Amino acid sequence: DESHCERDFLAHKALFDLFRTVDGKPVRSILCVPDSRVDEDRTGEGCYVKRIEADADIVYCEAKHVQSYYTSVAKGSGKAGFRHEYEDRVLILDEVDALVFDADCNDAFVYEIPELTAFATDVAQCLKDGGNVDALPMESTSTKRVAAQVKAAWEEVSTKQFEASLIFDPPTGRFFHLTAGRIDVAKWSLSLDCKNFAEGCASKVTYQQRLFVASRPRVFQRYSALIGVTGSLGNDAEQSYLRRVYGAQFFIVPPFLKTCRDAPFHEPVNKGVYVESGRDSQWSKCVDVAFAMRQKVPVLIIAKSRNDVEPMVQALQAAAASKGVVNSTDIVRSLSRHLFERDRDSFKENLFKATQPIGTGVDKNWRISVTDPRGARGTDYRISDKEADAAGGLCLVMLAVPSSNRDWIQYVGRTARQDNRGQYIVVLNREDYSYLDQPAACAPKSSLGGGGVVRSVPPRTSPRGEGFSAANAIDRILQHGAMRDRVRLEGSHESYHRGYRMNQISEAVHESGLLSSLDSKEVFSQLCARYEQLSTDQMDSAAQLVGGFDASKIPRVVPTVGPSANAQAALKACEQSGPQSPEKRSVGHCQPGPKPSAVGGAALGGAGAGPKTVIFALDRSSSMNSKDSGRGERRFETCKKCIMSILENQIASGDEVGIVTFGSDVRTAMPLIRKGTGQGVLSAKVAALPKPEGLTAFFDGVSQALHMAGSGRASSKWVVALTDGDDNMSRGQPGGELVTKHLWECGVPVNMIVITVGNTLSHRTTQATAAWVAAAQNRGRFGRHLPVQNAEFIVEAFSTVSELIDMPCGAIEL
């Protein structure tokens, strides 16, 4: 986290200044910051820099800077450079669990391609002059792809939705993206470059390609030593992973006060767990608890998500006003990530006042603050009031228990800090944990398969097999999370091995100097975009298409990994980009490739990436009436609840949503609507979805969902489709061809997630799904197939969907 990194650097800068190197020179310490903040150097000594500098003795930075420095060494000086640059460097990882377990282990880096920048500028100039782009010379795969991407970006520039996402900065004379209402000078997109070029604010349109894949474990292993620091050591599966991948050994540093004689040390005290029947009753209980506790101690509410913070603040302020509390806006304050991004000074003021009393003597009481899961990690809530400490200390009110034990330790660690007491209360919504609300005998044993986030339900430990309750809620959630983490880590082996091998190939290709031509860059860019779908043998074969490269000379240090379901489509795309086989190319496979991503940001449309358009295409054939979802209800009802949960928790007020259902025919169940203007309509529309009956027009249903997504105003578009059977009613596309064509040719690319339920689907259905996923990925968007073998795991599949559409994913710009 950039803010915490800067805070810690400034806190220790004076200490670093006391040291000298072995040569007697002052130790040089630096902090890596975004380009826009270099001039904000608070040390006045030139310590704020854009990237890691080789002559620095101490560097504070984020993981992306470590990987960026690594790729610069790999591109510049190869093996000799690694030995020179890393032989005496030590890497200290703060919050090591977040870097190792919670983040993707592989990252693709993008670089500007001068030749394609020149051509992209020519295309933009042609469009600006009203000319015919097709008349431009386009002899290579690269130029055809660039022309198509620039045309799509040029069309997006003229939309009102895109205009609303920009702001003009007079000092620089350029347009920039807005993030959380603030100018974001670091965020880049091809459409933004086109906008600046069209308005005469820039003289060129920059074009970038993925040309390096960095495996985080391989990068970290380059250092002579690694030291990981964390407030939670992780479960057995996580410790086993660290031992296997990094050769880690563990030791526990006790809390400082435990090492002192006669010093008080307090553990957080559980003051109660409540499990309410729904969200309304949960929030009502939270309000009652918070106002009761604020009479004696400060209260910090940890909301389920960042989107819940402001509504909760408003609900509390309304409750305060109804209770006759004066100045409710002072009593209840927000500590959301949105506020931090929008107005840091207000956030800091609210953080300070969160633990400050109001009034004195008998009139003394406290504020209620509301934060999100981000505020439950690493933020220090300092309290020094003796009366509040005697009353139990800062009271946390948690509206969700995180599934990870590491996060749980961080949550409760916000109170009982230093020598102060602390307490917490948990208020849960039973509907959020319906997957745990069943007896032990009914616990499913299989897990979500395919390419999704793999989950499993843990064995029940309650002696009588009772369901989810206040008495066992915390244990149940953490047990489920531990099992999920174990399965997830087991399932990450293939991703780790593929990324490691691709990193080896990236190093060797750059070291060999074979990326001097556009054709070789095109081939390697395609491989960097699709390697995750290939076997390690196929990756080596695809790398051979870079003229003169021999992957067999690179030692194999990871096991052979098999291909994914989409491997043939991915390999074909790599082969057709190769310069040695032009006769095999076809226009259909020379469509736009990966769209350059925002700097370290969410170009694919996750949280914080601006408004989204999300369309659900839901099967309502008669087979969806089956009562086998493990909850005593029909598959269709389970899907409705899951969709409603996503609409409530992952869809922001500025996002657009729509629902299409398909049975023997296709119906628009909910036309496109912005959540902020249709809040009351959403639940009614979902509840009124037509009952399942008839056959399955799967392909036509997805086609209609794509057309609805295309009419949306947001540039980040998602289609989530679910079927439990083969298509037997669609017209004019026996293999889903119209869907594939739409994904290839739509002006603004679409992110595609397909959930299939059951193990009897035909090859025709799986082949069509694979083609859709590959088409979405070819356009530089997100494509994923989630095959659910057992209907009991429909909830788990939608849980994966909610994480994917809320996930900031994208390549990192060097």
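One can find the structure itself at the top, above this paragraph.
All values reported here derive from a predicted model rather than from experimental measurement. (Residues numbered from 1 in each chain as written. Predicted model: local features only at pLDDT ≥ 70, side-chain atom pairs only at ≥ 80, totals over all residues. Heavy atoms only, no water.)

Enquirer: Lay out the sheet that holds strand 16 (residues 422–429) in plain terms, naming residues and giving numbers.
Expert: Strand order across the open sheet formed by 6 strands is 11-16-15-12-14-13, with parallel pairing between neighbours. Across the chains shown, the open sheet's two edge strands, defined by having one partner strand only, are strand 11 (269–276) and strand 13 (332–335). Across this sheet, the average inter-strand angle for adjacent strands is 20 degrees, counted without regard to direction. Direction of pairing for strand 11 relative to strand 16: parallel, over a ladder of 6 bridges. Bridging from a neighbouring strand, Val-275 pairs with Leu-428 of strand 16. Sheet contacts for helix 12 (residues 306–322): strand 12 (299–302), strand 13 and strand 14 (368–371); angle to strand 13, the most-contacted strand, approximately 175 degrees. Contacting strand 12, strand 15 (394–398) and strand 16, helix 17 (residues 405–412) crosses the sheet at an angle of about 140 degrees to strand 15. (Pairing = 2+ DSSP bridges. Helix = DSSP H or I, 4+ residues; strand = E, 2+ residues; numbered from the N terminus. Axes fitted to C-alpha atoms, helices over the stretch in contact; angles between N-to-C directions. Contact = heavy atoms within 4.5 Å.)

Enquirer: Which residues make up the nonpolar core, and what values go with them?
Expert: Of all hydrophobic cores here, the largest spans 77 residues; its most connected members are Val-150, Met-502, Ile-505, Phe-524, Leu-527 and Phe-549. Every residue in contact with Ile-505, bar those within four places of it in the chain, is listed here: Phe-524, Met-539, Asp-540, Ala-543, Phe-549 and Ile-554. Counting 68 residues, the second largest nonpolar core, distinct from the first, contains Leu-335, Trp-408, Leu-478 and Met-624. (Core = buried A, V, L, I, M, F, W, Y, C linked by side-chain atoms within 4.5 Å. Buried < 20%, exposed > 50% of the residue type's maximum accessible area, 1.4 Å probe, protein only.)

Enquirer: Kindly report on the sheet that holds strand 17 (residues 612–619), identifying the contributing residues and their values.
Expert: Across the sheet, 6 strands lie side by side as 19-18-17-20-21-22; this open sheet has mixed pairing. Each edge of the sheet is formed by a strand with only one pairing partner; in this case those strands are strand 19 (666–674) and strand 22 (783–788). Sheet twist, expressed as the average angle between the axes of neighbouring strands with direction ignored, equals 10 degrees. Summarising the sheet, strand 21 (residues 750–757) and strand 22 pair through 6 bridges and their orientation is parallel. Its bridge partner lying in strand 22, Ile-753 is registered against Arg-784. Where helix 23 (residues 635–649) meets the sheet, it contacts strand 17, strand 18 (656–662), strand 20 (716–723) and strand 21, and its direction lies at approximately 175 degrees from that of strand 17. Across the face of the sheet, helix 27 (residues 763–778) comes into contact with strand 21 and strand 22 while running at roughly 150 degrees to strand 22.

Enquirer: Account for the packing of helix 25 (residues 698–710) against helix 26 (residues 737–745), naming residues and giving values.
Expert: It is the contact of helix 25 with helix 26, at a shortest axis distance of 8 Å, that shows an interaxial angle of 20 degrees. The pairing of helix 25 with helix 26 is recorded here as roughly parallel in orientation. The two elements helix 25 and helix 26 meet at a crossing, and its hand is left-handed. Across the interface between the two elements, Phe-699, Val-702, Ser-703, Leu-706 and His-707 of helix 25 pack against Leu-738, Val-739, His-742 and Leu-743 of helix 26. (Parallel < 35°, antiparallel > 145°, perpendicular 65-115°, else oblique. Left-handed = near helix turned anticlockwise from the far one by under 90°.)

Enquirer: Could you give an account of the side chain of Asp-619, with specific residues and numbers?
Expert: Take Asp-619: it is sitting in strand 17. Of the side chains with opposite charge, Arg-635 comes closest to the buried, unpaired Asp-619, at an N-O distance of 7.4 Å. At 2.7 Å, the side chain of Asp-619 and the backbone nitrogen of Ser-621 are in polar contact. Here the side chain of Asp-619 touches Thr-723 through a polar contact of 3.0 Å, side chain to side chain. In this structure Asp-619 touches Met-624, Phe-636, Phe-662, Thr-696, Leu-722, Thr-723, Asp-724 and Gly-725, once residues within four positions along its chain are discounted. (Lys, Arg positive; Asp, Glu negative; His and termini not counted. Salt bridge = Lys/Arg side-chain N within 4 Å of Asp/Glu carboxyl O. Polar contact = N/O pair within 3.5 Å; in protein donor to acceptor, adjacent residues only side chain to side chain.)

Enquirer: How would you explain a nonpolar patch on the surface if you had to name every residue and give the values?
Expert: On the surface, a nonpolar cluster with roughly 350 Å² of combined accessible area is contributed by Val-90, Ile-92, Ile-227 and Val-229. Along the chain, Val-229 turns up in strand 10 (residues 225–229). Residue classification places Val-229 among the partly exposed residues on the basis of a relative accessible area of 40%. (Patch = residues over 30% accessible without salt bridge, like charges linked within 9 Å, V, L, I, M, F, W, Y side chains within 5 Å. Areas by Shrake-Rupley, 256 points an atom, 1.4 Å probe, with all protein chains shown as cover.)

Enquirer: I'd like to hear about helix 8 (residues 190–198), residue by residue, with values.
Expert: Note: α-helices contain 3.6 residues per turn, so residues at a spacing of three or four share the same orientation. Burial within helix 8 is extensive, with 8 of its 9 residues counted as buried. All buried positions along helix 8 are accounted for by Leu-190, Ser-191, Leu-192, Asp-193, Cys-194, Lys-195, Asn-196 and Phe-197. Once helix 8 finishes, Gly-200 follows within two positions and takes phi at roughly 75 degrees, a positive value.

Enquirer: Break down the side chain of Asp-372 for me, citing the residues and quoting the values.
Expert: Counting through the fold element by element, Asp-372 comes out in the loop between strand 14 and helix 16 (386–390). Buried and without a salt bridge, Asp-372 has Arg-306 as its closest oppositely charged side chain, separated by 5.2 Å.

Enquirer: Quick one: what's the story with the packing of aromatic side chains, residue by residue and with numbers?
Expert: Where two aromatic rings form a pair, the distance of their centres and the angle of their planes describe that pair. On inspection of all chains with the given rule, the structure shows 16 aromatic pairs. Taking the centre distance of 5.9 Å and the plane angle of 40 degrees together, the rings of Trp-718 and Phe-782 count as tilted. Separated by 64 residues along the polypeptide, Trp-718 in strand 20 and Phe-782 in the loop between helix 27 and strand 22 bring together distant segments of the chain. Like Phe-782, Trp-718 is buried. Put simply, the rings of Phe-662, Phe-698, Phe-699 and Trp-772 touch in pairs and so form one group of aromatic residues. Lying over the aromatic face of Phe-197, Lys-128 brings its terminal NZ or CZ to 5.3 Å of the ring centre. Seen from the ring of Tyr-274, Lys-285 lies directly overhead, with NZ or CZ sitting 4.6 Å from the centre. (Phe/Tyr/Trp six-rings, centres within 6.5 Å; stacked < 30°, edge-to-face > 60°. Lys NZ or Arg CZ within 6 Å of the ring centre and 35° of its normal.)

Enquirer: Now, about the pattern of salt bridges: what can you tell me, with residues and values included?
Expert: Throughout the structure, instances matching the rule amount to 41 salt bridges. Put simply, Glu-507 and Arg-218 hold a salt bridge, and the shortest N to O gap is 2.9 Å. Pair noted here: Glu-507 is in helix 19 (residues 493–512) and Arg-218 is in helix 9 (residues 216–221), with a separation of 289 residues, a long-range link. Across the pair, Arg-218 and Glu-507 agree in class, each one buried. Glu-656 is the salt-bridge partner of Arg-713, the closest N and O atoms lying 3.2 Å from each other. Taken together, the positions of Arg-713 in the loop between helix 25 and strand 20 and Glu-656 in strand 18 put the pair 57 residues apart, joining distant regions of the chain. Among the charged side chains, a salt-bridge network with shared partners connects Glu-2, Glu-6, Arg-37 and Glu-40.

Enquirer: Let's hear about the environment of His-742: which residues, and what values?
Expert: Within the element layout of this structure, His-742 appears in helix 26. Expressed as a C-alpha distance, the spacing of His-742 and Leu-706, which sit 36 residues apart in the sequence, is 7.6 Å. What His-742 contacts, discounting residues up to four positions off in sequence, is Leu-706 and His-707.

As far as function goes, none of this settles anything; it's purely spatial.
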